[in-house]
Amino acid sequence: MTVRPWLTALAGLALTGCSVAAAPSEGSAPVDATPSPAVSASPAPVAHQAASQVEPERPRHVTLPSGRVMGVDVVGTGADGALEIPVDIRRAGWWDGGSRLGDPFGSVVLAAHVDSFTQGLGPAVELLSAEVGEHVRLAAAHLTQDYRVTSVRLVPRFDLRHQTAVFSALGGRRLALITCGGTYDKARGGYQDNVVVLARPVGPLRPTR
Amino acid sequence: MRSRFLRRGPRATLVLVASTAALLAVPLSSGAAHAAGTTSTYVVQGVPGAAVDVTVDGKVVQSGVAAKQVLPLDVSAGSHTVTFSTAQWKVSQTVDVSGSQDVVLHWPADATDKPEVTVFTNDLSAVAAGKGRLSVAHTAVVPPADILAGGKTLFTNIANGEFVSAVVPATTYNVAVVPTGGGKPLLGPVDLPIKAGALTRVFAIGAPRNGSMDAVVQVIPVGSTGSGQPSLVHAGSAGLLDPARAAMWSFLERFLAGALGWWV
C-alpha cells in the first residue's frame, strides 16, 4: 500500500534530477520546492500513553479492619432505586455508577448485607463497630489501595441519598462502605438506618500482588 | 538546565478560556456533505502562526489552515498520505485510518525547522453517568509536563508526543500545565469545562519561548454506562442485630443444626 507513493516519489525525484534518488532506502525523502502531489511518506508515529497513565478498575476484594476478605461483585441500581446488593451476605456489591479504583476523584461505593434469614449475620456486621483510624484495603485485578477509616455513622435510610460524601463523583478519592443497622422495624421495612463507613486513601495506588 | 530553558520564555498570560469556548463552538464538520462517518478522523493544526495547506492523497482538503483549526477527514479506513505544507516546510506522513483518531501537526519538544505529525487514538468507550473522559496530549515545545486540576496533580510526566487520560466528574476544572519537577505554569491556569458523556481532548501546542503556548480543545460524545445513584440501600433483612431476634435466630440455628445432625 505504501509502494505506490514510493514509486511516484522516486519518479518525481528522477525527474528533478535529484542525486538522492540513488539512495531510495532513506526513510524520508528531502523536501523540495517542487509541488509534487505525493512525496515519499513514512507512517506517522502513533502517540503513546505517558508512563504515569493509570488504568482504573473495579474492585474485586475488600479487606475489612479485622482482616476478613469479602469478594466484590458489580451491582447497579434497580428500577425501584435500591442498590442491588449481592444476596450472598459474604459478598459485597460495588456500585457501577461510582468511582473505580484509580479514578482521580470521587467515591468508590461498596455495600453488603449485614444479615439474611438463610445465612445469619454476615462479615459486614463488623462495620457497626469499626473505628476511626482502622484500615481497609481494596484490591482490583492490577491495583491495590489502602484506606484509613475517617468516620463511622448511622444514617437514617431515607437520608442516605442526600449524602454527597457517600455517592458523589466530585471530591477527593475515598471509599464508602455501607450496610444496615439501627432499629429493626419489620412493619416499616426492616432496618431503619444505614451504617456508613467512610475511608480515605493511605499511600499511593500500588500493584496488586 | 531544563528549568533554565523554561525560565527564558516570556510568561505570557493566556486567555485560554475564550479560545476554549470558541473551539467548542467550532462545528466538527466544516463541510456540510460529510458522509455518516465509518471513521472519525480529524486533522488538528497545532503550529501557531502558520497557515498550512492540508492535502490527503494529493487532494487539497483546505488551504491556509490556521493554528487550532480542526478539520474532519472524510476518508475510508486504510492507509492515506496526509501532507502539511507552507512556503517554509512540507511534512508528509502516511496514516492508517481506523476508528477515531486525531492527526496532529505540531512542533517536537526541541524546536527544529520542521513540525512533525503524531496520531492520537481516541478512546470512545462509555463513561459512568455524570462523568466525562479528559485526555491531555503534549504537542508543545516544552519538556515533560504535569497537569494540575483544582490544585491537585492530575497527571504527571507527559512528554511531547504522549498523552494521558482519566474519567472525571463533569464540572469545570481550573487547569494548569506545569513543568514536571516544578516551576511556573507553562499554560494556564484556565477554566476547562468537562462535559458529561463525552471525550474532551486537550492538545497543548506552541512554545513558551515566543509566547505561543496555547491549547486546542475538542469534544466527541461517547456512550454512558453504569447505573444512577441509588436512593436506598437495603443491606439487611433478618433483623438479627435486634437483640430479641438475634436470640431467636441463635435458638433456631442450634435447633436446625441439631436436627440436621440427627438427620445425617
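Residues numbered from 1 in each chain as written. Chains lettered and ligands numbered in written order. Predicted model: local features only at pLDDT ≥ 70, side-chain atom pairs only at ≥ 80, totals over all residues.

J.: Break down the interface of chain B and chain A for me, citing the residues and quoting the values.
T.: In this assembly, 57 residues from chain B lie in contact with 58 residues from chain A. At the level of elements, strand 5 (78-85), strand 6 (90-97), strand 8 (116-121), strand 10 (131-140), strand 12 (152-158), strand 13 (162-169) and helix 3 (243-263) of chain B are the ones that each hand at least two residues to the side of chain B that touches chain A. A per-element tally of the side of chain B that touches chain A places strand 13 of chain B first, with seven residues. As judged from the two bridges shared by strand 1 (residues 42-43) of chain A and strand 6 of chain B, these two strands associate in the parallel manner. When the sheet's bridge partners are listed, Pro43(A) is paired in strand 6 of chain B with Thr94(B). (Contact = placed C-beta atoms within 7 Å. Helix = DSSP H or I, 4+ residues; strand = E, 2+ residues; numbered from the N terminus. Pairing = 2+ DSSP bridges.)

J.: Now, about the pairing of strand 13 of chain B: what can you tell me, with residues and values included?
T.: Counted residue by residue, strand 13 of chain B has eight buried out of eight residues, so it is predominantly covered. The sheet contact formed by strand 2 (residues 48-49) of chain A and strand 13 of chain B spans two bridges and is parallel. Looking at the pairing, Gln49(A) lines up with Phe163(B) of strand 13 of chain B. Looking at chain direction, strand 10 of chain B and strand 13 of chain B are connected through seven bridges and run antiparallel. Bridge assignment links Leu134(B) to a residue of strand 13 of chain B, and that residue is Ala166(B). (Buried ≥ 20, exposed ≤ 12 C-beta atoms within 10 Å, placed from the backbone.)

J.: Report on the confidence of the model for chain B, specifying residues and quantitative values.
T.: Residue and element names in this part refer to chain B. Taken over all residues, the pLDDT of chain B has a mean of 82, while the share at 70 or more is 76%. In the predicted structure, residues 1-38 sits below a pLDDT of 50 and forms 46 contacts with residues beyond four places in sequence or in another chain. Here the complex is predicted with pTM 0.79, and the ipTM for its interfaces comes to 0.77. (pLDDT = per-residue confidence, 0-100.)

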